[in-house]
Each structure stands twice: as structure tokens, then as C-alpha cells.
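Topology and contacts: notes
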Amino acid sequence: MAHTCIHWFRKGLRLHDNPALMAALKDCKELYPLFVLDPHLHDSSCVGINRWRFLIGALKDLDLSLRKLNSRLFVVRGKPEDVFPMLFNQWKATRLTYEYDTEPYSLSRDKTVTTLAKEHGVEVIYKISHTLYDIDRVIEENNGKTPLTYNRMQAIVQTLGPPKRPIPAPTMENMKDVTTPCLENHEKSYGIPEVEDLGHDIAELPEECFPGGEQEALRRLEEHMKRTRWVCSFEKPQTSPNSLSPSTTVLSPYVRFGCLSARTFWWRLTDVYQGKEHSAPPVSLHGQLLWREFFYTASVGIPNFNRMEGNHVCTQVDWDSNPEHLAAWREARTGFPFIDAIMTQLRREGWIHHLARHAVACFLTRGDLWISWEEGQKVFEELLLDGDWALNAGNWQWLSASTFFHQFFRVYSPVAFGKKTDKNGDYIKKYLPLLKKFPAEYIYEPWKAPRSVQQAAGCIVGKDYPQPIVQHEVISKKNIQRMKLAYAKRSAHPAESPSKKQAVKRKGTSVIDMLKKKHRKV
DNA sequence: GGCGTCGTTGCGTCT
DNA sequence: GAGACGCAACGACGC
């Protein structure tokens, strides 16, 4: 039987390494490539203008690639549970394909849509291709426990072997019996939205640094893979958070939207490494992909992963609620030029270096402002092009020393850290031109400059640029003590403690182990 | 259960 | 300029 198939693009905005799309093309007579603008996911309150533009770029690129295969992309607005019953009927669909996703919202959404599909007699096929591995399989391999360290993660992955090889994009040969019924008013009914459609003010549209789309992703990948020596010697901690142009690949937004397949990236790196001495995880580029896998695994295995409450591995901390401080951080007016420059770059370009994220995240949480990592998570979710649910939640927990990382006395200085890689403060001057004329010795702490120096620089601290909102030397020491207290409370309540919890869990499974042993004896 | 080791990327000071 | 050390001492994991 020849199928009428809807392939539902969500993440996975690409043609290469797209097994669900290939499954759609099997025994297919009519193909409807679909993207649903879901109000739950595509809302201006949680998607910043840069991310919205990136998505639109990715969709336009996808449509362009589909046209080359005599097909088109259909964009439909609405809740999936409303959209699909309508489309199943209208298109007389017999099959629905999509790429599996592990986010809690995606899981519940897909469950609902699958039920609806069954009610309409539509077969559902999904494939795993967003992550290197089947995440459930990773947890299973670890005896059902979620790995909480990278080392453990590496050990599991070792037993699983290398990830599957990516598959090529469909060709005209795959499409020879397939048509996409398109009407003349396709643009009107199923067109791709424009940037202004989400209600952002396009007059404030910053310059686009990282255009979305699969073609750009593959171009960018190849551009970097040509740099064999750089790839082989790549060590993340050695790259600079405050260089004037990115010191890393900036492939993360493309991997996040699935414009670039993680497996394609992985195996392309393997090609480059072939026969050469090269760096290794956790610091290598392979290592970076494994970090992504690590946080995806944690996000699947740990309930309430994006929250402190109800998250049993997360240290419970009595964070302050301080709307003024939070706003100052978000709006780049903390009075610490290094922090403010990073937050400016984030808002303007949608990407900041990983270590820059560390600096501002530590500052917001355990370092200085003592504000919940969940607040930071929201801001990153909105502004980062690569804002990924699992990675964002995982890294915020890491940096706030709530989960995974526990050496809370290692605090990033908003003054000293940036100096290590940018003594003159060129990065600060790029993003905060107000401070352009400040001499290098005061650029990280302009409030220390004598009045005459401030006047000569044309920028008075307290008038043109804010006073620092906290005294870092004093407050960071105090916060280490507060962190210590939070940890003490944690170990005082064994049920809340992750290690004890795991122990309880182990005890629970030991019953099963006993039963197993008994079974073996029988 | 106890103990030792290790942990992607801190800072400031000393040599 | 690079490396070692004290800071005060965390949890996860493995044996």
C-alpha cells in the first residue's frame, strides 16, 4: 500500500541524517513535510528575537532544500492536538513520522498526538536521531540509574560503543514515486512566518551573526573541520571566553535546532582525528558532544530537572528574591563591565562563550547575587540561540553548585576572570563602548578610577555607568558560607541527599536482585 | 560501610 | 610566565 505521509519537523530541521524522514519516504505516494508553530513553544515571552529569526531562517532553508526534491514545507499555526485531527482528515493521511524528543513537554505532546493518530487510523513511526544514543538505553546500561558524573557517563558510552553512523539526505531517487500536493495559495495557507509575526519590534533587530539553517550548519562544520590541527588540539578550557570573535565553533545553535545532526558532527570529527594525535574527552570536541549527551541523560532520568523543588539530586538553597538585582543582571547594568559586556553580547548576538556563561551564572547565583538558577535559566532560554532545555537546566545546576558540581568555594571573580584572557579589556570596550576610553588598569573596575580619570574617559561611574551592585570580595565569601550551610542541611536530611537516595534505590532494587538470584537457582 | 581518589575551565600568592 | 600551594574541605564513584 502506498502511503500519504506527514513528516513532522520539530527539532531535526534538516534533511541529512534524518531517519524518520527516510521512513516517511518508504512506500509513500504523497508527502506533507510539516512544521507546527506551537503557541506553547513559539511565544514571544520565551523566545527572543534572535532565536525566532534563527528558527525562521532554518525553516526557509528547509523549504528551499525540499523544493529541490519537488516538495515543500507546510507551516501550520496552532496547538498540535488541534492541528493534527484537522490535517489527518484534510490530507487523508495514513502515516505520521517524527524524530523522537526527550523533553517532558515533547513526550506528553507526542503521546497525545499518537493517540489522536491512532483514532484516525494513522500509523506513527518515530526514530531517534537528535542525540548520539538512545537515552533510555544509556540509563538502562547503567542499571537504571542516572549517571551523575561525566566519568560514569564515559564508562557507559564505552560499553555502548561509538554512536550510529549518520545516514545521507534523501535524493531525487528516494523521491521518484513521491509527490507533495501543493496549492497555488501555498504561501498564504502554509507559508513561513516573518520575524515581525511574533510581535517583536523589528526596528531593534540586531545584526544577524549566526543565520539559521542546515546549509549554513554544514558550511560552518566544514569550515572548522578544515582546521585539522585546531580540531585535534582543541581543549575547551584553553579557549577564550572574551575574544573579539568566537574562539569555538558556534555549532551549538545548529545542533540545538537539529540543523546539524550530532552524529554527523561526531563522525566528521572522527574522520579528522583519524591517524592523528588528538585531544580527548572531556575537553575535546568529541567531549563537548558527550557533555550534551550527559545532560540529556540527566534530564531524562531526573524528575523535575528544570526546577529545584522536587528535584532530588538538586541541593535545596534559600535563594533570595531580588527583582532589582535580577533586572540589573539581565539588562547588563551590574556595574561590573565584564559581566555587563557578556550580557550585552548575549542579548545582541544570541551566543556567548561557555566560560562567559560560567562567569555570569556564578555571579547571579552562588557567587554574588544569590538569586535562583531558575531565574537565570529563563533568561538564557529566551536569549540564547542554542538554549536547549536539558543543557540549560543542567548547566545552571552545575554552575550554581546545586547538582553535579560541588566545589562551591571555587568562585569566578567578575573582575579577575576576564583579565586572564583579555588584559586590555578589548572585549568590554567592544560591547560597552561607553567605557572605550577607560585605561586598561581600570577597565574591569571603573569605580576605582580617580574622578579625574573618569572625567578624561568621558564616563562618570554612578552617572553614566552604574556603581557595582555588590561588593564582590565581601559578598562572595559570605555566600560560600551560605552554600556550606545549604550543603550541611542537605546531609542532615538523608532522604533529601542524593547519595542516600541512590542507596535507598539500591536497597529497593536489591529485592529484585534477590528475586533474580532465586530465579537463577530455580 | 569506610576510605581514597577524582572532579572540563577559581583566586591569590609565592617561587 | 608557568607551576605549586593554600584556601577549606564538597559529592560521586569505585574498591
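Quick notes on the rules
Residues numbered from 1 in each chain as written. Chains lettered and ligands numbered in written order. Predicted model: local features only at pLDDT ≥ 70, side-chain atom pairs only at ≥ 80, totals over all residues. Heavy atoms only, no water. Pairing = 2+ DSSP bridges. Helix = DSSP H or I, 4+ residues; strand = E, 2+ residues; numbered from the N terminus. Axes fitted to C-alpha atoms, helices over the stretch in contact; angles between N-to-C directions. Contact = heavy atoms within 4.5 Å. UniProt positions renumbered as here; feature names shortened; annotations may be inferred. Buried < 20%, exposed > 50% of the residue type's maximum accessible area, 1.4 Å probe, protein only.

Here we come to the sheet that holds strand S3 (residues 74-77). One open sheet holds the five strands; their spatial order is S3-S2-S1-S4-S5, and the pairing between them is parallel. Each of the sheet's edge strands pairs with one partner strand only, and the pair in question is S3 and strand S5 (123-127). Going from strand to strand, the sheet's axes swing by 30° on average, the running direction of each strand aside. Two elements, strand S4 (residues 95-99) and S5, share five bridges in a ladder whose sense is parallel. Bridged to glutamate 99 within S5 is lysine 127. On the sheet, helix H2 (residues 49-67) packs against strand S1 (3-9) and strand S2 (28-37) and is oriented at approximately 170° with respect to S2.

Let us now look at the environment of leucine 25. Mapped onto the elements, leucine 25 comes out in helix H1 (residues 19-25). For leucine 25 and isoleucine 6, which are 19 residues apart along the polypeptide, the C-alpha to C-alpha distance reads 9.9 Å. Those residues within four positions of leucine 25 in sequence are excluded, and the remaining contacts are Leu31, Pro170, Asn174, Met175 and Val178.

Taken from the UniProt record, the annotation "domain: Photolyase/cryptochrome alpha/beta" (unreviewed entry) applies to residues 3-132. Helix makes up 42% of residues 3-132 and strand 24%, whereas the separation of the span's terminal C-alpha atoms amounts to 29 Å.

Backbone phi values are negative for most residues with the exception of glycine, while trans is the configuration of most peptide bonds. With an omega dihedral of 5°, the bond running from proline 281 to proline 282 counts as a cis peptide bond. Relative to the assigned elements, proline 282 resides in the loop between helix H11 (262-273) and helix H12 (285-301). With a phi close to 60°, asparagine 70 is a non-glycine residue in the positive phi region. Among the secondary structure elements, asparagine 70 is positioned in the loop between H2 and S3. What makes asparagine 70 exposed here is its relative accessible area of 55%. Here valine 250, not a glycine, exhibits a phi torsion of approximately 50°, which is positive.

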